[in-house]
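Here is what each chain is made of, one letter per residue.
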Amino acid sequence: MVVEETVGRLRITESILEGRELHVRFNLRRGLVISVFEGLSIQVRYAEFLGIAGPVGCGKTTLLKVLAGLLKPERGEVYYKNQRLEKPTPAISLVLPTTTLFPWYTVLENVMLALYSDKSLTREDKIERCRAFLDMVGLSAFDSAYPSELSDGMKKKVILARALVTHPDVLLLDEPFDNIDPLAAVALRSEIENMWMNESMSPSSVVLVSHDIEELVELCDRVVVLTERPARVKEVVEINLQRPRDKRRREFYDYVDKIFTLLS
Amino acid sequence: MVLEELAIAWAAVGVSWLRMAAALFLSVGFSLLVGGVAALNKRAEKIIIPLLDVLQSIPILGFFPLALYGFYTLSPAIGAEAAAIFLIFTSQVWNLTFAVYESIKVIPAEFIETSKALGLSPWARATKLYIPSTLPRIFVGFVSSWSNGLYFLVASEIIDFGELDVKLFGLGSTMASFASAGNVTGMAVTLAVLVAAIILTDLFVFLPLIHYSGRFKFEATAVEDSPIIPLSSVFKGRKLVGRLPRIRFPSPEFMLPRIPLGWLTKRVRFVKTLLYALAITLLAYLIFLLPLLREIPLQKLLYGFLERIYTIGPYNIILDVAFSLARVATAVLFAVAWSIPLAIYLATNRRAALFTIPIIQVAASIPATITYPIFASLLQGYDELRTFILIIMGMQWYVFFAAYAGMRRVPSEEREVLELYNIRGLAGLKVLYLPRGIPSIISGCIAATGGAWNTLVVAERMKIGGVVAGVKTPGLGKAISVATEMGDIYSLALLVAVMVIVIISINKVFWRKLYELATSKLRFPEAT
Ligand SMILES: Nc1ncnc2c1ncn2[C@@H]1O[C@H](COP(=O)(O)OP(=O)(O)OP(=O)(O)O)[C@@H](O)[C@H]1O
Ligand SMILES: [Mg+2]
């Protein structure tokens, strides 16, 4: 195992989740074919907070779906802890920008869906665990509410609780702070950062897709900048700043500028 | 000689199609008038909509013998023809009337205000705004109205009506005479010609009409665009069809009658509906029996009707209803049982659906009644099985198409959630597909139940070309069929009234309650 020391945190360069030589195409109607990846490779390291930035429509969401095992690449493989990933696993959680909650289930029941096929837990265990996570995102009073009774930001939190309740090793986040009010976003961001920093808690690694470059610089160890479709890795920017990061410092803005330049 | 049969079959299709076209023409006129008035006049709306709700659940085949008597007594020359067209009309028109009503109801207010501000005359408003706005839904409605009409057209041509020995030349009678002559080639040719005619009519009449009417859509109703499958993608890779890129295959939803279920559930009351239904049944009888009044005085007519309650006996009527109910329930359960898995499979596998759905659509558009002459001499000794097959052939598609439409509305994001958490098979059904599909499945079941009751009149007992095929056990349809054959108008009136009451009760007490329960339990903000 290769271990590096940077700004006070141990970094392990071995990857926990890896996409190798991914090829993804979509067949549209009328015979149109969109080629999203033609041999994209990406590594998510142990215990890292990885950011992904790229132009609109370049395939960021698609990449997360592939890494979660939800979408089969046409060619190329995904490896999780050096094992081929064939289908979604509770060890990798995916939060998509569409807040998909089933309207006929309560908040608690929606979160429990994540543990549905877990045979090792009793129903009571599941309820208890889900309650704990709802509590953590600050929704303990709402477990018997229905999704239609929640605000958009609250729905995002439910989705986050649902993603965390399986104790995943890797958390894949696709624009999780979009469309929620800035104050709630700040709180949620530090919540996720704290959970990630807490070694005894999952997730070990987080992958964050965002359009908000400041957000990426604030949270990530490395930021992968993708090109237009078919997306390649344009550059990987290492962010060597002490946490918690101070947005007012000049170095912070140097990183923001750097990524911004890469994107434009 | 195949050529001879081919000529006969095409001639039969031609004659039958003319009948259908005449009925459709009348239906459009009626629907524009009645649907339009209901949509534009609040007071009329309160009367017309519940009335339509009753009318669309009346078993048409039960009424047919009476209509036949009525029209025949009026004019033996064209009576049978008129009765057949009337029968087809009643099977096509409610669907279209709801379509017109709905279309006008959803015209954005600013259009109506503008037309008024411009000082357009009522006539100009009708032709420039109201009628064009109804065209998209009317043309879409043609697809289901036509297939529904075909079913009754064929029925009207094949059924024996006792003493009134009327024979209508057309598809049904041609099939029946080939069947009784044991002419297999003839039967095959007739069936093939029928399928060809249905496909050609769809491709060259209805689909271009639907396509054309797209321009009259208001932005707000544009949702209907999506369920159309481009024909070119169905036949992808075939050069032949490359030339028809513009023509689109209608989605299976179009095969379903359009009934604003959520709306009706809320506003139409049960007892009122039943009273309406009884009044309509009696009124209809009186109208049809009017010509007969020349021969029989009214008191005798009413007396005969009441007397039958006594002679048939409540016990027998209850028994008839119970047996028929059991048959209908079995058929609906059967249809639901195969429809849901297939619908899920096809809704999640676009490639499989691309060639399966058109095949199912063609199969579904063949009127089940056309095969009745063949079945009449088949499965002797297995009467219940034959009856079961005849019932499901007529109604199972409603359930399938409704289930398919429901499953297709399951957003891909929700399917991804299942996949993400490894929820498969029955669990997926329970967690996602059933909840999403249920409102739609229930409305399919309602259409199917109505269809099944209608079918009973023939399926429980039919007499085609001298062959009688029917169940040994009781049944309401069988009783109606017997009364028809004996020319017993009084029993007929009584039994059909019973059937109307049963249908409406099941519809109101069971299905709509279930629908209400389901949509509120599932917390769907929108009613399908
Ligand atoms: N299911 C699909 N079918 C067809 N094309 C798709 C599908 N999903 C994505 N695409 C196409 O693939 C490309 C990449 O989409 P993707 O959603 O991954 O982009 P993105 O980088 O997440 O975009 P954004 O920044 O807007 O979130 C887009 O051009 C999109 O049109
Ligand atoms: Mg995206």
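Residues numbered from 1 in each chain as written. Chains lettered and ligands numbered in written order. Predicted model: local features only at pLDDT ≥ 70, side-chain atom pairs only at ≥ 80, totals over all residues. Heavy atoms only, no water.

A. Here's a closer look at the overall build of chain A. From N to C terminus, chain A includes seven helices and 12 strands. Along the longest, intermediate and shortest principal axes, the C-alpha atoms of chain A span 50 × 45 × 40 Å. Within chain A, the proportion of its 264 residues that are buried is 54%. Restricting to contacts in chain A with at least 6 residues of sequence separation, those with at least 24 account for 66%. Carbon and sulfur atoms make up 50% of the accessible area of chain A, which totals about 12,400 Å². The centroid of the 35 positive side-chain charges in chain A is displaced by 5 Å from the centroid of its 39 negative side-chain charges. (Helix = DSSP H or I, 4+ residues; strand = E, 2+ residues; numbered from the N terminus. Buried < 20%, exposed > 50% of the residue type's maximum accessible area, 1.4 Å probe, protein only. Contact = heavy atoms within 4.5 Å. Areas by Shrake-Rupley, 256 points an atom, 1.4 Å probe, with all protein chains shown as cover. Lys, Arg positive; Asp, Glu negative; His and termini not counted. Charge placed at Lys NZ, Arg CZ, Asp CG, Glu CD.)

B. Looking closely at unusual backbone geometry. All names here are of chain A. The amide bond that connects Arg-229 to the next residue, Pro-230, takes the cis arrangement and shows omega of -15°. Positive phi is not limited to glycine here, since Glu-21 has a value of about 50°. By the element assignment, Glu-21 lies in strand E3 (residues 15-27). In this model, Lys-81 sits at a positive phi of 50°, which is unusual for a non-glycine residue. Mapped onto the elements of the fold, Lys-81 is located in the loop between strand E6 (75-80) and strand E7 (83-84). Among the residues examined, Lys-81 registers a relative accessible area of 35% and is labelled partly exposed.

C. Representation of the confidence of the model for chain B. Residue and element names in this part refer to chain B. Averaged over all residues, the pLDDT of chain B equals 80, while 85% of them reach at least 70. Across residues 219-250, confidence stays below pLDDT 50; counting only partners more than four residues off in sequence or on other chains, it has 48 contacts. Quick note on the complex model: pTM equals 0.78, ipTM equals 0.88. (pLDDT = per-residue confidence, 0-100.)

D. Representation of the sheet that holds strand E11 (residues 222-226) of chain A within the structure. All names here are of chain A. Read across the open sheet, the six strands follow the order E8-E9-E10-E5-E11-E12; overall the sheet is mixed. Among the strands making up the open sheet, the edge pair consists of strand E8 (92-95) and strand E12 (233-238). Averaged over all pairs of adjacent strands, the angle between their axes in this sheet comes to 15°, without regard to strand direction. Where helix H1 (residues 60-67) meets the sheet, its contacts fall on strand E5 (49-53), E8, strand E9 (170-174), strand E10 (205-209) and E11, and the angle it forms with E9 comes to roughly 155°. (Pairing = 2+ DSSP bridges. Axes fitted to C-alpha atoms, helices over the stretch in contact; angles between N-to-C directions.)

E. Structural detail: the pattern of salt bridges. Under the defined criterion, the tally for this structure stands at 28 salt bridges over all chains. A salt bridge links Glu193(A) to Arg243(A); the nearest nitrogen and oxygen atoms lie 3.0 Å apart. Of this pair, Glu193(A) sits in helix H5 (residues 182-197) while Arg243(A) sits in the loop between E12 and helix H7 (250-263), and the two are 50 residues apart along the sequence. Between Glu485(B) and Arg461(B) there is a salt bridge, with the nearest N and O atoms lying 2.5 Å from each other. Taken together, the residues span a long stretch of sequence, with Glu485(B) in helix H19 (residues 476-486) and Arg461(B) in strand E3 (residues 461-464) at a distance of 24 residues. Residue classification places Arg461(B) among the buried positions, given a relative accessible area of 13%. Each of Glu193(A), Asp221(A) and Arg243(A) takes part in salt bridges that share partners, so that together they form one network. (Salt bridge = Lys/Arg side-chain N within 4 Å of Asp/Glu carboxyl O.)

F. Seen up close, the interface of chain B and chain A. In this assembly, 25 residues from chain B lie in contact with 23 residues from chain A. Both sides together, the interface formed by chain B and chain A hides about 2,300 Å², and carbon and sulfur atoms give 59% of it. Together, Leu420(B), Tyr421(B) and Arg523(B) form the three largest contributors to the area buried by chain B at its contact with chain A, with a combined 30%. Put simply, chain B and chain A have one salt bridge between them. The partner of Lys65(A) in a salt bridge is Glu416(B), and the shortest N-O contact between them spans 2.9 Å. Our count for the chain B to chain A interface comes out at five residue pairs in polar contact (both at pLDDT 80 or more). Listed by contribution, the elements that provide at least two residues to the side of chain B that touches chain A are helix H17 (412-420) and helix H18 (425-459) of chain B. No other element matches the seven residues that H17(B) contributes to the side of chain B that touches chain A. (Buried area = accessible area lost by both parts, 1.4 Å probe. Polar contact = N/O pair within 3.5 Å; in protein donor to acceptor, adjacent residues only side chain to side chain.)

G. Representation of the site of ligand 1 in the model. All names here are of chain A. In the vicinity of ligand 1 lie 14 residues, with Gly-59, Lys-60, Thr-61, Thr-62 and Arg-229 positioned nearest. In the environment of ligand 1, an oxygen atom lies 3.2 Å from a nitrogen or oxygen atom belonging to the backbone of Cys-58. Between ligand 1 and Arg-229 there is a distance of 2.6 Å, counted from an oxygen atom to a side-chain nitrogen or oxygen. In isolation ligand 1 exposes 630 Å². Once the protein is present, 64% of that is buried. Residue assignment for the shell around ligand 1 shows that the elements contributing at least two residues are strand E4 (33-45) and H1. Per element, the largest residue contribution to the shell around ligand 1 is three residues, and it comes from H1. Residue composition of the shell around ligand 1, grouped by class: six nonpolar, five polar and three charged. (Near = heavy atom within 4 Å. Nonpolar A, V, L, I, M, F, W, Y, C, P; charged D, E, K, R; others polar.)

H. Highlighting the sheet that holds E3(A). All names here are of chain A. If you walk across this open sheet you meet the four strands as E4-E3-E6-E7, and the pairing is antiparallel. Looking along the sheet, the strands with just one partner apiece sit at the ends: E4 and E7. In terms of strand pairing, E3 meets E4 through 10 bridges, oriented antiparallel. The partner of Leu-17 across the bridge, within E4, is Val-44.

I. Representation of the packing of aromatic side chains within the structure. Under the counting rule described, the total for this entry stands at 20 aromatic pairs over all chains. Aromatic pair Phe71(B) and Phe86(B): ring centres 5.7 Å apart, planes at 55°, arrangement tilted. Of this pair, Phe71(B) sits in helix H3 (residues 60-74) while Phe86(B) sits in helix H4 (residues 79-105), placing them 15 residues apart in sequence. Ring pairs connect the aromatic residues Trp17(B), Phe139(B), Phe142(B), Trp146(B) and Phe206(B), which therefore count as one cluster. Its end group placed over the ring of Tyr79(A), Arg20(A) keeps NZ or CZ at 3.9 Å from the ring centre. Over the face of the ring belonging to Phe177(A) we find Arg189(A), whose NZ or CZ atom lies 5.1 Å from the ring centre. (Phe/Tyr/Trp six-rings, centres within 6.5 Å; stacked < 30°, edge-to-face > 60°. Lys NZ or Arg CZ within 6 Å of the ring centre and 35° of its normal.)

J. Main features of the side chain of Ser15(A). All names here are of chain A. By secondary structure assignment, the location of Ser-15 is in strand E3. Among the polar contacts made by the side chain of Ser-15, one reaches the side chain of Glu-18 at a distance of 3.2 Å. In contact with Ser-15, not counting residues within four places along its chain, are Gln-43, Val-44, Arg-45 and Tyr-46.

K. Representation of the pairing of E10(A) within the structure. Residue and element names in this part refer to chain A. The element E10 is largely enclosed, with a buried count of five among its five residues. Burial along E10 is two-sided: Ser-205, Val-207 and Val-209 facing one way and Val-206 and Leu-208 facing the other are all buried. Across four bridges, E5 lies against E10 in parallel orientation. Residue pairing in the sheet places Phe-49 in a bridge with Val-206 of E10. Relative to E10, E9 runs parallel, the two being bridged by five bridges. Note that in E10 the partner of Asp-174 across the bridge is Val-209. Each parallel crossover has a hand, and the one from E9 via H5 to E10 is right-handed. (Right-handed = clockwise from strand over helix to strand, strands pointing away.)

L. Spatial organisation of the environment of Ile112(B). Residues and elements named next belong to chain B. Within the secondary structure, Ile-112 is located in helix H5 (residues 109-117). For Ile-112, a relative accessible area of 19% gives the class buried. A C-alpha to C-alpha distance of 8.0 Å links Ile-112 and Leu-129, two positions 17 residues apart in sequence. If we skip the residues at most four places from it in the chain, Ile-112 touches Ile-107, Leu-129 and Tyr-130.

M. Geometry of the packing of helix H7 (residues 171-180) of chain B against helix H8 (residues 184-213) of chain B. Residues and elements named next belong to chain B. One way to put it is that H7 packs onto H8 with a least axis distance of 8 Å and a crossing angle of 160°. Judged by the inter-axis angle, H7 sits roughly antiparallel to H8. Here H7 and H8 pass one another in a crossing that is left-handed. In this structure, H7 contributes Leu-171, Thr-174, Met-175, Phe-178 and Ala-179 to the contact, and H8 contributes Gly-186, Met-187, Thr-190, Leu-191 and Leu-194. Grouping the amino acids of the contact of H7 with H8 by side-chain chemistry returns seven nonpolar, three polar and no charged. (Parallel < 35°, antiparallel > 145°, perpendicular 65-115°, else oblique. Left-handed = near helix turned anticlockwise from the far one by under 90°.)

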